[in-house]
Amino acid sequence: MCLAVPGKIVETRDERGTRMATIDFDGIRKDICLAYLPDIEVGDYAIVHVGFAISKVDEATALETLALFRELGVLDDELGVTGGTVGGPIPDARGGVR
Amino acid sequence: MRFLDEFNDPELARRLFDEIERLATREWAIMEVCGGQTHSIIRNGIDQLLPDSIELIHGPGCPVCVTPLGVIDKALEIAALPEVIFCSFGDMLRVPGSQHDLFQIRSEGGDIRVVYSPLDAVRLAEEHPDRQVVFFAIGFETTAPPNAMTVHLAHQRGLTNFSVLVSHVLVPPAIEALCSSPTSRVDAFLAAGHVCSVMGTWQYGPLVDAYQVPIVVTGFEPLDVLDGIRRAVAQLEAGEARLENAYERVVSSAGNAAAQAMIEDVFQVCDRQWRGIGEIPASGWRLSDRYADFDAELRFGVSDVDAPESSLCRSGEVLQGLIKPHECEAFGKECTPRAPLGATMVSSEGACAAYYQYRRLDVVPVEVGVG
Ligand code: SF4
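Keep in mind the model is a prediction, meaning the values are calculated, not measured.

**Q** I'm lost on the side chain of Asp227 of chain B in this one. Help?
**A** Residue and element names in this part refer to chain B. Looking at where Asp227 falls in the secondary structure, it is placed in helix H13 (residues 222-237). Judged by relative accessible area, Asp227 falls into the buried class, the value being 16%. In this structure the side chain of Asp227 is engaged in a polar contact, spanning 2.8 Å, whose partner is the side chain of Arg230. With residues up to four places along the chain from it excluded, the contact list for Asp227 reads Leu16 and Ala246.

Spelled out as C-alpha cells, the structure:
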C-alpha cells in the first residue's frame, strides 16, 4: 500500500467538480484523482499513491523508478493488478508474501 | 548473501558502499522508518553488504503491521453484516483477526471488495444505494489525503450509505516515542519519503533539536536508501544532528498544501494504539466531529470491540528494533505468511515477512548443512 508509483498524465477531465486524469504507468492505464495537484498538466509525471497524484516528478526520475519497479516485480502489485479485480470480490487464495 | 550487481546501478551502489565504509569508524544503529524501505533493504541485502559496524533497525512504518488486532476485529464484525459491502486495500484484507478471518466471513456470505483507490468505495456506494458501503481507512500520512477525500465527496454528494472505519497513524509521534524510550538504541532515523511528500519535512526539525538525533528524509529505492544511510553516517561521525532531505526530487519542506488542508478538514489528531507497541499519545487521526455521521464505528456500534495479541508474537520488539524477526521463537515455525501470528508477518512491508521471503534460508538452521 505504501509504495507510490510515478506515471505520465495522458488526459485530464472534470468529474462532478473533481479533477481527474488518465495516467499511464509503463503501459498500464488507470484513472486517478488530481485534487491534490491542481496545476499538473497532460504530459507531466506525477507520483501516484492509491489513485491520487501527490507530487510532481521530472521525467527522468519517473522513468528510472518505473523501470526499477518493473524489475522488482512490484508494479502489478501496487497497481492492484494482482489483488483481484478492482471493486470486485477478493481473490480466492490468501496472498501471503508477495 | 546478495550481490552488488543486483542493484540497478551497481557502480553507484559500490561507490555508496565504499563511502559508508570509509566514513564509519564506530558502531551506529540506524532505523529506517518506512516498511517500503525495510523491504528494499532486505530484498537487496543492503544490511548484509554494509560494514558490520552499521546496524539497520527496522521501524514501525508499515500501517498494516501496526493496526491493532481490535481494529481488525471491528472490521471483520462490520464486514459480516448482511447489508454491508466492505472495501479495503488488498494488503489489509490478508490480516487475520482474533477469532476468524476474512475468508471465513466471505464464505459465510460477507461481501468484501478490494479497492485500488479509495474513490472506488465511493463509487460503489453510489451504485448500491440499497447497501451500506464501508471503507477501511488505514495508513500513514501518505494515505490520509486519499482516504479523507472519500468523506469529503460522500458529504458533498449527500451519500447516507457510506462510512469509514478509520485507524490512521502518524510518523513523527512514533519517532518521538522511540527517541524517548529508555530501551531505544537508535542513533539516527531515515524518515519515510512519501509521508514527507504529503506533510513536508517541517515536523521533523523539532525532533532533531529535542533529541539531538539526525533525521534523513529518504526514498525507498535501494540506491535512495543507501544514500540516506551514507548521509546519516556522515552526520553521526561528525557529531552533528541535522534534518537532511535526501529525497528532494519528490519532497519539499512545505509538503502538499492541498492535501494537508483536506486532512485538516476531515480528520483530527487522537491518541492511538499501535499493534505490538501500545498507546502513543497524539499519534493518529480520527474523523473530526463534523463528519461523525460517516464514522462506521458509531454507525455499526463496534466502538467497544477489543482483542489481546498472541502471547507468542514478539512483533512489538521487532518494531522497536529490540530483536530481529528470526530471533522470535515462532519465526518460520508457528508463524509463517500463510499462518501469521503477528501483522509483521502478514504484509510484505512487515519486517518478519521480508525476512521470511528473502532471508529464511540464511537464518533458520537447516538440518543438513550444504554450505
Ligand atoms: S515471526 Fe511471527 S510471531 Fe514472531 S514476531 Fe514476527 S510476526 Fe510475531
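**Q** Quick question: what am I supposed to make of helix H2 (residues 35-44) of chain B here?
**A** One turn of the α-helix equals 3.6 residues, which is why residues spaced by three or four share an orientation. All names here are of chain B. Across the ten residues that make up H2, a large majority, ten, are buried. Here H2 has its buried residues at Gly35, Gly36, Gln37, Thr38, His39, Ser40, Ile41, Ile42, Arg43 and Asn44. Among the residues trailing H2, Gly45 stands out with phi positive, at a value near 65 degrees.

**Q** When you look at the site of the ligand in this model, what are you seeing that I'm missing?
**A** If you check the shell around the ligand, you find Cys313, Arg314, Ser315, Cys328, Ala330, Phe331, Cys335, Leu341, Gly342, Thr344, Met345 and Cys352 of chain B and nothing else. Residue classes in the shell around the ligand are distributed as eight nonpolar, three polar and one charged.

**Q** Got a minute to help me understand the confidence of the model for chain B in this structure?
**A** Interpretation of this model should avoid reading the predicted coordinates in detail wherever pLDDT is low. Residues and elements named next belong to chain B. Summing up the model confidence of chain B, the mean pLDDT is 89 and the portion of residues at 70 or higher is 96%. The model gives residues 366-371 a pLDDT under 50, and that stretch makes zero contacts with residues more than four places away or in other chains. Both scores are given for the predicted complex: the pTM is 0.87, the ipTM 0.85.

**Q** Teacher, can you tell me more about the confidence of the model for chain A here?
**A** All names here are of chain A. On average, residues of chain A carry a pLDDT of 74, and 64% of them reach 70 or more. Within chain A, the lowest mean pLDDT, 58, falls on helix H2 (residues 75-78), and the highest, 92, falls on strand E2 (residues 18-25). Low pLDDT (under 50) marks residues 81-98, which in the prediction has 48 contacts with non-local residues, meaning those over four places away or in another chain.

**Q** What should I look at first to understand the packing of helix H9 (residues 144-156) of chain B against helix H14 (residues 257-266) of chain B in this one?
**A** The relative placement of two packed helices comes down to the angle between their axes together with the axis-to-axis distance. All names here are of chain B. Axis separation between H9 and H14 bottoms out at 9 Å; the angle between their running directions is 55 degrees. As far as their axial angle goes, H14 and H9 are oblique. For the pair H9 and H14, the sense of crossing is left-handed. Where H9 approaches H14, its residues Ala144, Pro145, Ala148, Met149, Val151 and His152 are matched on the opposing element by Ala259, Met262, Ile263 and Val266. By residue class, the composition of the contact of H9 with H14 is nine nonpolar, one polar and no charged.

**Q** Any chance you could explain H14 of chain B here in plain terms?
**A** All names here are of chain B. Here H14 has its buried residues at Ala259, Met262, Ile263 and Val266. On an axial view of H14, the arc spanned by its buried residues comes to 100 degrees, and they lie on one face. Exposed side of H14, more than 90 degrees from the buried face: Ala257 and Glu264 are the residues found there. The backbone nitrogen of Ala258 has a side-chain oxygen 3.1 Å away, supplied by the residue at the start of H14, namely Asn256.

**Q** Is there a simple way to think about the nonpolar core in this case?
**A** One recurring pattern in soluble globular proteins: nonpolar side chains tend to sit buried together. Residues and elements named next belong to chain B. Counting 77 residues, the largest nonpolar core has Phe162 and Phe189 as the members making the most contacts within it. In terms of residues, this core owes the most to one element, H9, which gives six residues. In contact with Phe189, not counting residues within four places along its chain, are Met31, Val33, Ile175, Leu178, Cys179, Val213, Pro214, Ile215 and Val216. With 40 residues, the next largest nonpolar core counts Ile20, Leu56, Ala353 and Tyr356 among its residues.

**Q** Is there a simple way to think about the packing of aromatic side chains in this case?
**A** Two descriptors summarise a pair of aromatic rings, namely the distance from one centre to the other and the angle between the planes of the rings. By the definition in use, this model includes seven aromatic pairs over all chains. Ring plane angle 50 degrees and centroid distance 6.4 Å describe the contact between Tyr291 of chain B and Phe294 of chain B, whose orientation is recorded as tilted. An identical accessibility class is assigned to Tyr291 of chain B and Phe294 of chain B; each is buried. When the ring centre of Tyr116 of chain B is taken as reference, the NZ or CZ atom of Lys30 of chain A above it lies at 4.3 Å.

**Q** Got a minute to help me understand the environment of Cys65 of chain B in this structure?
**A** Residues and elements named next belong to chain B. Within the secondary structure layout, Cys65 lies in helix H4 (residues 63-66). Taking the C-alpha atoms as reference points, Cys65 and Glu244, separated by 179 residues in sequence, lie 27 Å from one another. Once residues lying within four places of it in the same chain are set aside, the contact partners of Cys65 are Arg275, Ala343, Thr344, Ser347 and Gly350.

**Q** Honestly, the pattern of salt bridges in this entry has me stumped. Any pointers?
**A** Close approach of charged atoms allows side chains of opposite charge to pair. Residues and elements named next belong to chain B. For the coordinates displayed, the defined rule picks out 27 salt bridges over all chains. Here Arg231 and Glu244 are joined by a salt bridge, their closest N and O atoms 3.2 Å apart. Linking Arg231 in helix H13 with Glu244 in strand E9 (residues 243-245), this pair joins segments that are 13 residues apart in sequence. Owing to a relative accessible area of 21%, Arg231 belongs among the partly exposed residues under this scheme. Under the relative-accessibility criterion, Glu244 is labelled buried at 15%. When the shortest N-O distance is used, the salt bridge between Arg286 and Asp289 registers 3.3 Å. Overall, Arg286 belongs to the partly exposed group, its relative accessible area being 32%. Residue Asp289 is classed as exposed on the basis of its relative accessible area, which comes to 53%. Look at the salt bridges and you will find they share partners, linking Asp227, Arg230, Arg231, Glu240, Arg242 and Glu244 into a network.

Scoring rules and cut-offs
- Residues numbered from 1 in each chain as written.
- Chains lettered and ligands numbered in written order.
- Predicted model: local features only at pLDDT ≥ 70, side-chain atom pairs only at ≥ 80, totals over all residues.
- Heavy atoms only, no water.
- Helix = DSSP H or I, 4+ residues; strand = E, 2+ residues; numbered from the N terminus.
- Buried < 20%, exposed > 50% of the residue type's maximum accessible area, 1.4 Å probe, protein only.
- Polar contact = N/O pair within 3.5 Å; in protein donor to acceptor, adjacent residues only side chain to side chain.
- Contact = heavy atoms within 4.5 Å.
- Near = heavy atom within 4 Å.
- Nonpolar A, V, L, I, M, F, W, Y, C, P; charged D, E, K, R; others polar.
- pLDDT = per-residue confidence, 0-100.
- Axes fitted to C-alpha atoms, helices over the stretch in contact; angles between N-to-C directions.
- Parallel < 35°, antiparallel > 145°, perpendicular 65-115°, else oblique.
- Left-handed = near helix turned anticlockwise from the far one by under 90°.
- Arc of directions from axis to C-beta.
- Core = buried A, V, L, I, M, F, W, Y, C linked by side-chain atoms within 4.5 Å.
- Phe/Tyr/Trp six-rings, centres within 6.5 Å; stacked < 30°, edge-to-face > 60°.
- Lys NZ or Arg CZ within 6 Å of the ring centre and 35° of its normal.
- Salt bridge = Lys/Arg side-chain N within 4 Å of Asp/Glu carboxyl O.

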